[in-house]
Amino acid sequence: MSTPAPRSLAEALRLRDDTSLAELLRSRPDLITPVPTDLTQLATRAGTRASVVRALERLDRFALQTAQALAVAADPCGYGDLLGLMGGDEGEAAVEAALPRALGTLREQALVWGGDDRLRLVRTARELLAPSPQHPSPTGLGPTVQEATAGMSPGRIQEIVATAGLPSTHDSVSAVTALTGLFGDRARMTALLAGASEESREVLDRLVWGPPYGQVTADPAPRLRWLLDRGLLLPTAPGTVVLPREVALHLRGGRAHRTTKPLPPGLEVTGTHRPQVVDATAAGQAYTALATVEELLKDWDEGGPAVLRAGGLSVRDLKRTAVALDVTEPVAAFWVELAYAAGLLASDGEADERYAATPFYDEWLELPAAERWAQLAEVWLTATRTAGVVGGRDAKDRTLSALGPGLDRSAAPQVRHRVLTLLAGLPEGASPSAASLLARLRWERPLRGAQQDDDLRGRLARWTLSEAETLGVTGRGALSEHGRALLGAPARKAAPEPSGGPAASGPGDKLPVHHVHVTLEPLTPAEQATASAAAARLLAPLLPEPLDHVLLQADLTAVAPGPLRRPLADMLGVLADVESKGGATVYRFTPGSVRRALDAGRAASDLHAFLTAHSRTPVPQPLAYLIDDVARRHGHLRVGAASAYVRCDDDAMLNEILADKRAAGLRLRRLAPTVLATQADPATLLDGLRAMGYAPAAESAEGDVLITRADAHRTPPRTAPEPVPEGPPTPDATLLAAAIRAIRAGDRASTTPRKEAPSAGGDLPRTSSAETLATMQAAALTGVAVWIGYVNAEGAASQRVIAPIRVEGGFVTAYDHTADEVRTYPLHRVTGVAELAED
């Protein structure tokens, strides 16, 4: 016995199995927020405008073109007619091969239902895609003859029918039908158009691919009059005419679209490099990324820039950060936002609010370098905060600032994942052109309406390519092996090299490439953690091993030929100033840097021992003299709080300070032969004396020297910002299974045939208390299911199918098929009960 054709979308959904329903709910998660009570409600929700718009925006170009063709076709439409609209009268092999997939996508998304002989587009989708004067169709087609003649007088319609060579009819409906049949008949239309002049054909050619509307005067020219008299142009408003849809389809050879795109455009490879080169380049960028983040937060150790009143960094502070990191402002915004998204920096919450590193930053520093990078890369892949929009304007025309509000773009994680997935499908070491990548993304998600003015996905894709290279996920534009692991993609097997050695093309070369179709779904948090750990394991051998030594030079510099171990780097950062960075870092020793180390509690002997232990070259004599000279003068002057005072056993030195014109701003006065006092605070006095070339030391109220250690300012514990999802989150397998059980049970409750209750009124059964009790007791004895009407404590009425187990004490305990569990119901809340029909 064959299954009857569905008469509605709800019936079509009822024919689906659980796997198909799960795919629908997974691709359109808004349909189960909240879970529908039955399949009828699911179908209703699938036809709402907001849900249909969201589903249409997720279609690829060819699937969307198929939906647009259905919107201008007859309802219902046969598969053959749809194929003709997509491929034209002559047909197209690529369209014929791709159409079943596109139609399957529309069916899976519940946008199309019915068999191949009666395809129906969901009514809301038809309303959105069908042509109208206010919303032209992408097909460029206009209204049908029936729609265009809706307001025309019957006499004028009969005149058009007669001029077109058709017999007159007794009513307008049959006349319009005859005219529609003429325009849809290829042979008769060819004969009709054979009588058109060249000028009339030019008018049709201008309108055939849209827009189908044109302007005419009150007294049309002969070329227009000929078309109007035969209905080839129909008036829609005073001075406006339209080319009927049937006429346009004949002139187009039956095609709904001028150009169809049944296949996605391929990626154009601009260069191919050996995988080892790609991985090494990406690893170098990964190391630079870690160094940059550390440098950024070290620069903010004593408290970073102030937080704007509206939140975020000021333009001036972003420029200062860019100068400190030696990068451009957009790149500086990227590093600041990445550190913020990773939970490494936040605002301190003080009255004078400033940005600083979080306590988590210290934990992050203790991790191995590869694991630190994996955490940054994972955060970047899933974050919705988008540094690329910094400097732009929000909806209220306010400037978007780094670390400020309004930077979340929900589509960012999906675009990043898709861009990297496309790179994963290329041959090893292949880097695509940005233009071909953007063309592929636009085919997968074509722009519609207002989106064409703001190609956010295109900008996100460009930022993804740049940020992936900066972060070290890609190298030379190609996906690295640890980048592939970050996505959860399987490792690619090495391809045999052609004779003549490995291919290595320049960046300007364009090579043909066979793109391997790779489908990688976004990972769950647990799966992403596993993938990140795998990426860290692959990256670790490629990162340089930290060194425990430097090379001291006679010109008061030290060269670090690679990354230094953390204790050595921290101490050297206090004792010397960084002069240049790169493959080798150059540190310079100055009196100020040596004094900084002495202020931190180090003695001259400690500094000599440190340099001797960590230098592969002998300690140069000028450096040893510099340390001894600064140490000899360090602390000779003592600064305390009076407001502030200076004391020194050498009164000649105090005389020298008083005589120095540079000390005039400090307003020093002598209190005793060995003590000077000022109204300035101790910090100002210390800075002033150091600017004059002295090496004073601060002391406490007890006269002990104060040691200023390089302790970092930290915020209170802060959590990283949560990504802002694009609509409802994708449900997991457990939620999908529970939702489908509930929907199936509710659908059974609402559709199961039942016997008429004697006092039934309306949808819910109505029975007396005695009848309800008797029916429940009988059902409990026989083990059959019954249909009940039930009103809960909030007064909400519902229908349920239950199988009573026990009836006592005014309650019925039963297995509720709607809820898929055993429940107990008060009998006084049961409005009525009916037996289910035997069939």
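Draft legend 1. Representation of the overall build of the chain. A count of helices and strands for the chain gives 33 helices and 25 strands. By the compact-globule yardstick of 28 Å for 839 residues, the chain is too spread out, its C-alpha radius of gyration being 39 Å. Burial status across the chain gives 46% buried among its 839 residues. Nonlocal contacts in the chain, meaning residues at least 24 apart in sequence, comprise 67% of its contacts between residues at least 6 apart. Here the chain displays about 40,900 Å² of accessible surface, and carbon together with sulfur accounts for 54% of that area. Measuring between centres, the 88 positive side-chain charges of the chain sit 3 Å from its 100 negative side-chain charges.

Draft legend 2. Here's a closer look at the nonpolar core. Of all hydrophobic cores here, the largest spans 88 residues; its most connected members are Leu70, Leu82, Phe183, Leu232 and Leu233. In terms of residue count, the dominant contributor to this core is helix 5 (residues 61–72) (8 residues). Not counting residues up to four positions away in its chain, the partners in contact with Phe183 are Val145, Met189, Leu192, Arg230, Gly231, Leu232, Glu246, Val247 and His250.

Draft legend 3. Representation of the sheet that holds strand 21 (residues 786–791) in the model. Taken in spatial order, the 5 strands line up as 24-23-22-21-25 in an open sheet, and their pairing is antiparallel. If you trace the sheet from one side to the other, it starts and ends with strand 24 (821–826) and strand 25 (830–835), each paired once. Adjacent strand axes in the sheet meet at a mean angle of 45 degrees when their direction is disregarded. Two strands pair when backbone bridges link them, and strand 22 (residues 797–808) and strand 23 (residues 811–816) are joined in this way by 6 bridges, in the antiparallel orientation.

Draft legend 4. Spatial organisation of the packing of aromatic side chains. If you walk through the whole model with that rule in mind, you get 4 aromatic pairs. Taking the centre distance of 5.0 Å and the plane angle of 55 degrees together, the rings of Phe334 and Trp335 count as tilted. On the accessibility criterion, Phe334 (7% relative accessible area) is buried. With a relative accessible area of 3%, Trp335 lands in the buried category. Arg372 extends its terminal NZ or CZ atom over the ring of Trp364, reaching a point 5.4 Å from the ring centre.

Draft legend 5. Highlighting helix 18 (residues 329–341). Compared with an ideal rise of 1.5 Å per residue, which puts 13 residues at 18 Å, helix 18 spans 18 Å between its outermost C-alpha atoms and is within 8% of the ideal. Within the sequence span of helix 18, burial applies to Ala332, Ala333, Phe334, Trp335, Val336, Glu337, Leu338, Ala339 and Ala341. For helix 18, the secondary structure elements touched by its buried residues are helix 16 (275–299), helix 17 (315–325), strand 7 (345–347), helix 20 (369–382) and helix 23 (456–471). Of the residues trailing helix 18, Gly343 is marked for its positive phi of about 80 degrees.

Draft legend 6. Here's a closer look at the sheet that holds strand 3 (residues 213–215). Spatial strand order, 3-5-4: 3 strands in an open sheet with antiparallel pairing. Both edges of this open sheet fall to strand 3 and strand 4 (234–237), since each of them pairs with a single strand only. Pairs of neighbouring strands in the sheet enclose a mean axial angle of 40 degrees, with direction left out of account. When strand 3 meets strand 5 (residues 240–242), the two strands line up antiparallel, connected through 3 bridges. Across the sheet, the residue bridging to Tyr213 is Val242, located in strand 5.

Draft legend 7. Local environment of the packing of helix 20 against helix 21 (residues 412–424). Contact pair helix 20 / helix 21: the axes reach a minimum separation of 7 Å and the direction vectors enclose 115 degrees. It follows from the interaxial angle that helix 20 and helix 21 lie roughly perpendicular. Residues Trp380, Leu381 and Thr382 of helix 20 form the contact with helix 21, whose own contacting residues are Pro413, Arg416, His417 and Leu420.

Draft legend 8. Focus on unusual backbone geometry. In this model, Thr33 is joined to Pro34 through a cis peptide bond whose omega is -5 degrees. With respect to the secondary-structure elements, Pro34 resides in the loop between helix 2 (18–27) and helix 3 (39–46). In the segment running from Asp75 into Pro76, the intervening peptide bond is cis, with an omega of 5 degrees. Tracing the backbone through its elements, the reader meets Pro76 in the loop between helix 5 and helix 6 (79–87). Phi is positive for Asp326, which is not a glycine, with a value near 60 degrees. You can see Asp326 is positioned in the loop between helix 17 and helix 18. The backbone of Leu556 sits at a positive phi, close to 65 degrees, despite the residue not being glycine. Locating Leu556 in the fold gives a position in the loop between strand 12 (551–552) and strand 13 (557–560). By relative accessible area, Leu556 is classed as partly exposed at 23%.

Draft legend 9. Seen up close, the pairing of strand 23. Between strand 22 and strand 23, which follow one another and run antiparallel, lie 2 residues, and Gly809 among them has a positive phi close to 60 degrees. Taken together, the 6 bridges between strand 23 and strand 24 define a ladder with antiparallel strand orientation. Bridged to Phe811 within strand 24 is Pro826. In textbook terms, the turn of a hairpin is the stretch between consecutive antiparallel strands, and for strand 23 and strand 24 this stretch comprises 4 residues, one of which, Asp820, has a positive phi near 60 degrees.

Draft legend 10. Quick peek at the pattern of salt bridges. Summed over all chains, the structure comprises 34 salt bridges. Arg418 is the salt-bridge partner of Glu444, the closest N and O atoms lying 2.5 Å from each other. A residue pair is termed long-range when its members are at least 10 positions apart, and Glu444 in helix 22 (residues 434–444) and Arg418 in helix 21 qualify at 26 residues. Given the relative accessible area of 14%, Glu444 is considered buried.

Draft legend 11. Molecular detail of the environment of Pro717. Residue placement: Pro717 occurs in the loop between strand 20 (697–698) and helix 32 (733–751). Taking the C-alpha atoms as reference points, Pro717 and Gly343, 374 residues apart in sequence, are found 9.5 Å from one another.

Draft legend 12. Layout of the side chain of Thr139. Locating Thr139 in the fold gives a position in the loop between helix 8 (123–129) and helix 9 (145–148). At 3.3 Å, the side chain of Thr139 and the backbone nitrogen of Leu141 are in polar contact. Residues in contact with Thr139, not counting those within four places in the same chain, are Gln68, Val72, Trp209, Arg252, Ala256 and His257.

Draft legend 13. Just the environment of Thr328, in detail. Relative to the elements of secondary structure, Thr328 occurs in the loop between helix 17 and helix 18. Taking relative accessible area as the criterion, Thr328 reaches 47% and is therefore assigned partly exposed. It is 34 Å that separates the C-alpha atoms of Thr328 and Gly727, two residues lying 399 residues apart in sequence.

Draft legend 14. Structural context of the environment of Pro405. Among the structural elements, Pro405 can be located in the loop between helix 20 and helix 21. Looking at Pro405, the relative accessible area reads 55%, which means it is exposed. For Pro405, the residues in contact, after removing those within four places along its chain, are Ala310, Gly311 and Leu400.

Draft legend 15. Representation of helix 22 within the structure. Regarding helix 22, the residues found buried are Ser436, Leu437, Leu438, Arg440, Leu441, Trp443 and Glu444. In this fold, the buried residues of helix 22 make contact with helix 5, helix 7 (93–108), helix 21, strand 9 (430–432) and helix 23.

Draft legend 16. Structural context of the packing of helix 6 against helix 7. Where helix 6 meets helix 7, the axes come as close as 10 Å, and the angle between the chain directions of the two elements is 120 degrees. Viewed along their axes, helix 6 and helix 7 adopt a mutual orientation that is oblique. Here helix 6 runs over helix 7; the crossing is right-handed. Contacts from Tyr79, Leu82, Leu83, Met86 and Gly87 in helix 6 reach Val95, Glu96, Leu99, Pro100 and Leu103 in helix 7. In terms of residue class, the contact of helix 6 with helix 7 is built from 8 nonpolar, 1 polar and 1 charged.

Draft legend 17. A look at the pairing of strand 21. Burial of strand 21 is extensive: 5 of the 6 residues sit out of reach of the surface. Pairing between strand 21 and strand 22: 6 bridges, direction antiparallel. Residue pairing in the sheet places Trp787 in a bridge with Val801 of strand 22. As consecutive antiparallel partners, strand 21 and strand 22 are separated by 5 residues, and within that stretch Gly795 has a phi angle of approximately 90 degrees, a positive value.

Draft legend 18. Inspection of the confidence of the model for the chain at higher detail. Averaged over the chain, the pLDDT score is 85; the fraction of residues at 70 or greater is 91%. At the low end of the mean pLDDT range in the chain sits strand 16 (residues 638–640), at 66; at the high end sits helix 18, at 96. Confidence over residues 757–762 falls short of pLDDT 50; this stretch has 8 contacts with residues more than four positions distant or in other chains.

The rules behind the values
Residues numbered from 1 in each chain as written. Predicted model: local features only at pLDDT ≥ 70, side-chain atom pairs only at ≥ 80, totals over all residues. Heavy atoms only, no water. Helix = DSSP H or I, 4+ residues; strand = E, 2+ residues; numbered from the N terminus. Rg over C-alpha atoms; globule rule 2.2 N^0.38 Å. Buried < 20%, exposed > 50% of the residue type's maximum accessible area, 1.4 Å probe, protein only. Contact = heavy atoms within 4.5 Å. Areas by Shrake-Rupley, 256 points an atom, 1.4 Å probe, with all protein chains shown as cover. Lys, Arg positive; Asp, Glu negative; His and termini not counted. Charge placed at Lys NZ, Arg CZ, Asp CG, Glu CD. Core = buried A, V, L, I, M, F, W, Y, C linked by side-chain atoms within 4.5 Å. Pairing = 2+ DSSP bridges. Axes fitted to C-alpha atoms, helices over the stretch in contact; angles between N-to-C directions. Phe/Tyr/Trp six-rings, centres within 6.5 Å; stacked < 30°, edge-to-face > 60°. Lys NZ or Arg CZ within 6 Å of the ring centre and 35° of its normal. Expected span 1.5 Å × (residues − 1). Parallel < 35°, antiparallel > 145°, perpendicular 65-115°, else oblique. Salt bridge = Lys/Arg side-chain N within 4 Å of Asp/Glu carboxyl O. Polar contact = N/O pair within 3.5 Å; in protein donor to acceptor, adjacent residues only side chain to side chain. Left-handed = near helix turned anticlockwise from the far one by under 90°. Nonpolar A, V, L, I, M, F, W, Y, C, P; charged D, E, K, R; others polar. pLDDT = per-residue confidence, 0-100.

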